[in-house]
Amino acid sequence: MRRPRALKNTLLTTIDKLQRRSRTLSRPLKIHIEINDVCNLRCIHCPREDPSIPKNTGHMAMEVIEALRPSFRHAAYVGLIGNGEPFLHPRLLDIMEIIIAEGAVPSIISNATLWPEETLERLVAAGKSILNISFDGGTKETFERIRKPAVFEDVLTNIRRLRAVKERVGTPFPVVNLMSCLLRETLDETEQVVDIAAEAGAVWVHFQVAIPYAEGMGSSLLTIDDRPQVEEAMDRARARGAERGVQVHFHSQWDVERPDVNGAGLICPNVMEQMHIDMHGRPRYCCYWGPEDLGNVTETPAHRLWNQPGFRELRARFRRGDIPEMCTSMPCPNLRPHSRREILAEGWRLTKEALRG
């Protein structure tokens, strides 16, 4: 047994979800850290283009990471992403190495523009990790229109260099995936995106319909009326993925069924298993919720904050069917009934990962 604490926490999390407990027996099984809010790109569909969203205030201090270190020992996964580009954080690789040393798997979303050779060497040498690359459009013209001022050829070169370092070292890590937003400009290029994912050695490529965060998206935004064209594009992508050995996933906020707010028994994984920590060390209910007075991990251990009154009451509201308007107004795929079978299957999957270490 490689990770007894994570294994025990996985089992307790499964019990908590099955019983829909408001006071959990478990600690956070997944941790989402908003590591910074600075970025070197101005993508037309990014939440950063909404003037009401805070940005460019800095990077998470190592004090917060050290305060979270005990929680990493009980976690299966630690996401390192905020409203910015993680590789701009001056201590990103130090943070990853701390997480890996404590046994959890760090996961990053990156635009793949800031990868000098020494960064790639250290990233590959760090150990088990996941790297999700944001990549929109399959041609130079489309990519550079959306992801300003990134250079298409430079990003492709970085992706190829990463794969070359992994092959030279003889490791599958970091596991690479692609994440791609669907806009009007990209609908005819999903097959090219799958080809790029295959070239990167990616396990999967995840397509999603862009959410209208920024007014500047204008005519680029797809609506539910475009569903037939979107489905055709996804059919082509899946066929290309089958040819190239890349899994193709698709998510659309159009497909999110609004829960029956008068019925009890809904589960939100964000407050049952995943703790969100903002850049200053303050817990949040999820990435959609703004700051609440829930404490700070630099002052109170994360596992104690996990069962403070705010979290307990929110879990109890879900159990009663008293769903907050913040939750029902967002295109969130998490807020839905979770069957007993689904909960057990997820628990078994994470149990096997903990046993493998």
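Residues numbered from 1 in each chain as written. Predicted model: local features only at pLDDT ≥ 70, side-chain atom pairs only at ≥ 80, totals over all residues. Heavy atoms only, no water.

(A) Geometry of the environment of G137. Assignment of secondary structure puts G137 in the loop between β5 (130–134) and α5 (140–146). On the basis of relative accessibility, which here comes to 0%, the residue G137 falls in the buried class. For G137 and I65, which are 72 residues apart along the polypeptide, the C-alpha to C-alpha distance reads 35 Å. Excluding its chain neighbours within four sequence positions, the residues that come into contact with G137 are T142, F143, S180, T186, E189 and V193. (Helix = DSSP H or I, 4+ residues; strand = E, 2+ residues; numbered from the N terminus. Buried < 20%, exposed > 50% of the residue type's maximum accessible area, 1.4 Å probe, protein only. Contact = heavy atoms within 4.5 Å.)

(B) Geometry of the pairing of β5. Of all the 5 residues making up β5, 4 are buried; the element is thus mostly covered by neighbouring parts of the structure. The pairing of strand β4 (residues 105–110) with β5 spans 4 bridges and is classified as parallel. Paired with I108 across the strands is L131, a residue of β5. Each parallel crossover has a hand, and the one from β4 via helix α4 (residues 117–126) to β5 is right-handed. (Pairing = 2+ DSSP bridges. Right-handed = clockwise from strand over helix to strand, strands pointing away.)

(C) Highlighting the packing of aromatic side chains. Taken as a whole, this structure holds 6 aromatic pairs when the rule is applied. Judged by centre distance (4.7 Å) and plane angle (40 degrees), the ring pair of F135 and F143 falls under tilted. On the basis of relative accessibility, which here comes to 0%, the residue F135 falls in the buried class. Residue classification places F143 among the buried positions, given a relative accessible area of 1%. Through pairs of rings, three or more aromatic residues link up here, namely F135, F143 and F152. (Phe/Tyr/Trp six-rings, centres within 6.5 Å; stacked < 30°, edge-to-face > 60°.)

(D) Local environment of the environment of C327. Relative to the helices and strands, C327 resides in helix α12 (residues 325–328). Between the alpha carbons of C327 and M62 there is a distance of 31 Å; along the sequence they are 265 residues apart.

(E) Spatial organisation of the pattern of salt bridges. Applying the stated criterion to the full structure yields 33 salt bridges. Taking the shortest distance from any N to any O, the salt bridge between D235 and R238 comes out at 3.2 Å. Pair noted here: D235 and R238 are both in helix α8 (residues 227–244), with a separation of 3 residues, about one helical turn. Residue class for R238 comes out partly exposed when judged on its relative accessible area of 35%. The network of salt bridges with shared partners includes D188, E191, D195, R236, R240, E243 and R244. (Salt bridge = Lys/Arg side-chain N within 4 Å of Asp/Glu carboxyl O.)

(F) Structural detail: α8. Across its 18 residues, α8 extends 25 Å between first and last C-alpha, which sits within 8% of the 26 Å expected from 1.5 Å per residue. Directly after α8, the chain includes G245, whose backbone phi takes a positive value near 75 degrees. (Expected span 1.5 Å × (residues − 1).)

(G) Quick peek at unusual backbone geometry. The residue after K148, namely P149, is reached through a cis peptide bond having omega -5 degrees. As for its placement among the helices and strands, P149 is situated in the loop between β6 (147–148) and α6 (152–169). The omega angle of the peptide bond from F173 to P174 is 0 degrees, so this bond is cis rather than trans. Mapped onto the elements, P174 comes out in the loop between α6 and β7 (175–182). Here the phi dihedral of N56 falls at roughly 60 degrees; this positive angle occurs in a residue that is not glycine. Structurally, N56 is set in the loop between β2 (42–43) and α2 (62–72). The phi dihedral of A112 falls on the positive side, at around 60 degrees, and the residue is not glycine. Its location among the elements puts A112 in the loop between β4 and α4. Under the relative-accessibility criterion, A112 is labelled buried at 0%.

(H) Local environment of α6. Its 18 residues place the ends of α6 26 Å apart at the C-alpha level, agreeing with the 26 Å of an ideal helix rising 1.5 Å per residue. Looking only at α6, the buried set comprises F152, V155, L156, N158, I159, L162, V165 and K166. The secondary structure elements touched by the buried residues of α6 are α4, β5, α5, β7 and α7 (190–199). Trailing α6 by a residue or two, G170 shows a phi angle of about 80 degrees, which is positive.

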